[in-house]
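Overview (structure and organization)
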Amino acid sequence: MPARTGNIEQSAAAANHAQALSARMGSDAAEAAGIKLTSPDRVVYPGQGVTKADLVAYYAVVADRMLPHIENRPLSLLRCPQGRAKYCFFQKHDTGGFPDAMKSLPITEKDGSRENYFYIDNLAGLIAGTQMNVLEWHLWGARTENIEKPERIVFDIDPDEGLGFAEVRAAAVDIRAELETWGLQSYALVTGGKGVHVIAPLRPSTEWPEVKIFCKAFAQRLADREPDRFIATMSKAKRQGKLFIDYLRNERGSTAIAPWSSRSRQGAPAAVPVRWDELAAIKAANQFSLADAAHRASLPDPWKDYFSTSQSLTKTMVSAIAE
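Attention in this report is confined to the structure presented alongside it. Bear in mind that the values here come from a model prediction, so they are computed numbers and not experimental data. Numbers given for residues are sequential positions, taken from 1 along each chain in its written order. Only residues with pLDDT of at least 70 get local features here, since the model is predicted, and only at 80 or more are side-chain atom pairs given and counted; chain-wide, interface and lining totals rely on the full set of residues. As a convention, hydrogens and water are excluded, and side-chain values are obtained from all of the structure's heavy atoms.

Points about the overall build of the chain
Here is the rule: Counting from the N terminus, the helices are the DSSP runs of H or I reaching at least four residues and the strands are the DSSP runs of E reaching at least two. Relative accessibility decides the category of a residue: with a 1.4 Å probe and only protein chains considered, values under 20% of the type maximum give buried, values over 50% give exposed, and everything between is partly exposed. When checking whether two residues touch, look at their non-hydrogen atoms; a contact exists if any pair is within 4.5 Å.
From N to C terminus, the chain includes eight helices and 14 strands. If you line up the chain on its principal axes, its C-alpha atoms span 60 × 50 × 40 Å. The burial tally for the chain puts 55% of its 323 residues in the buried class. A separation threshold of at least 6 residues defines the contact pool for the chain, and within that pool the share at least 24 residues apart is 72%.

Notes on the sheet that holds strand β12 (residues 243-246)
What holds strands together in a sheet is hydrogen bonding between their backbones, with the strands either parallel or antiparallel. Heads up, the condition is: At least two DSSP bridges between two strands are required for those strands to pair.
A sheet is described by the order of its strands in space; here six strands give the open sequence β11-β12-β8-β10-β9-β14, paired in mixed fashion. Of all the strands in the sheet, just β11 (230-231) and β14 (272-274) have a single pairing partner and so form its edges. Direction of pairing for strand β8 (residues 152-159) relative to β12: antiparallel, over a ladder of four bridges. Bridged to Pro159 within β12 is Leu243.

Concerning the state of the cysteines
Threshold: Throughout, disulfides are identified as pairs of cysteine sulfur atoms within 2.5 Å of each other.
Evaluated as defined, the whole model comprises one disulfide. Covalently, Cys80 is tied to Cys88 through a disulfide, its sulfur atoms 2.1 Å apart. Torsion about the S-S bond of the Cys80 and Cys88 cystine: about 115°, corresponding to right-handed handedness. Here Cys80 falls in the buried class, since its relative accessible area comes to 1%.

A word on the layout of surface pockets
Condition: Only protein atoms enter the calculation, which uses a 1 Å grid: trapped sets of points that fit a 1.4 Å probe without letting it out are cavities, open sets showing protein on both sides within 12 Å along at least five of seven lines are pockets, and any residue with an atom within 4 Å of a point is a lining residue. Grid points are joined across faces, edges and corners, and a volume is the space filled by probe spheres set on the points. Residues are grouped as follows: nonpolar covers Ala, Val, Leu, Ile, Met, Phe, Trp, Tyr, Cys and Pro; charged covers Asp, Glu, Lys and Arg; every other residue, Gly included, is treated as polar.
Taken as a whole, the largest pocket spans an internal volume of roughly 360 Å³. Forming the walls of the largest pocket are 21 residues, and the residues nearest its centre are Asp156, His197, Arg249, Arg263 and Arg265. Broken down by secondary-structure element, the contributors of at least two residues to the lining of the largest pocket are β8, β12 and β13 (256-257). The element that contributes the greatest number of residues to the lining of the largest pocket is β8, accounting for four residues. Partitioning the lining of the largest pocket into residue classes produces eight nonpolar, six polar and seven charged.

Overview of the packing of helix α3 (residues 52-70) against helix α4 (residues 123-131)
Note the threshold: Every axis corresponds to a line fitted to the C-alpha atoms, with the helix fit spanning only the stretch in contact, and the corresponding angles, defined between N-to-C directions, vary from 0 to 180 degrees. Reported orientations rely on four angle classes, namely roughly parallel under 35 degrees, roughly antiparallel over 145, roughly perpendicular from 65 to 115, and oblique for the rest. Crossing chirality is assigned from the near helix's rotation relative to the far helix, an anticlockwise turn below a right angle marking it left-handed and a clockwise turn marking it right-handed.
It is at 9 Å that the axes of α3 and α4 come closest, and there the two elements cross at 150°. With respect to each other, α3 and α4 are oriented roughly antiparallel. In this structure, α3 meets α4 at a crossing whose hand is right-handed. The segment α3 lies against α4, with Lys52, Leu55, Val56, Tyr59, Ala60, Ala63, Met66 and Leu67 engaging Leu123, Leu126, Ile127, Thr130 and Gln131. Here the residues of the contact of α3 with α4 sort into 10 nonpolar, two polar and one charged.

Let's talk about helix α7 (residues 290-297)
The element α7 is largely enclosed, with a buried count of eight among its eight residues. Listed as buried for α7 are Leu290, Ala291, Asp292, Ala293, Ala294, His295, Arg296 and Ala297.

Some details on empty space enclosed by the protein
Under the definition given, this model contains two cavities of 30 Å³ or more. The volume enclosed by the largest cavity comes to roughly 50 Å³. The biggest single contributor to the lining of the largest cavity is β8, with three residues. Arg42, Val44, Lys52, Leu55, Thr130, Asn133, Val134 and Leu135 are the residues that line the second largest cavity. Of all the secondary structure elements, the ones that give two or more residues to the lining of the second largest cavity are α3 and β7 (134-139). Each residue belonging to the lining of the second largest cavity can be placed in one class, and the counts come to four nonpolar, two polar and two charged.

Everything listed here is a matter of coordinates, which is why it stays silent on function.
What follows is the structure in structure tokens.
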């Protein structure tokens, strides 16, 4: 799994992590977790030669960083039974057949029906999902013990075709500044796709409808202020040359890519947390290979204050922004 050239923090250490993410390490991690890893040598990223066992090895390396973000949240899984280059599909309901480490709980849907949603709470869960060909982990903004009150909000900056990553970076910085005017500290996630997620952790005190009202109004304010730059509606026809501020991930049942998740995209990239002061040096949202991400997981946490950030989205704030 060679590290790609030209990326931030590309170094001998990153190359060493590429070598360390071996099939043997992955098979050993699966055995230690009690997961039977079938077809460990099956290639899941043809362009990079990354096997299922290599991917298990990656999650074993990053689990300490990833699990605090993903554990005990309802999940949607992008599964690719034949690898990245073949047919993939999303699955959010547990229909059986998964290892026991992939857990589930019943959640009431909008129509009143009850469906079993996946969640995990340890490395064995990550390995079990990988055994079942999960290449992307997408999470709710709430935890399983309090699903009606999210404990984070996320703004996904989605650029129109033709816009460069420089525009995305600048937008992320501006969204961060705007959130600060509301007393909300935020963190940047390079998604492994095209954009950046600006994420603000919250105390789970406000329910989904009010959170969505705030996030929609927040995005619309930015679009009204700079209509030639931002748009807050999904319309492809109206998005030409603009950045879509996707606030729709902030509603019950919606998901966003998990920090440290692999992506089912060319180059086998990962979604990687970054510091605000290093964002300017990042050239693309998909520049971090699995080896790069594994190396970064061995460095000081770029989001070291994330879980100690104590802030709320209050009813007063919702009323003020919606005026």
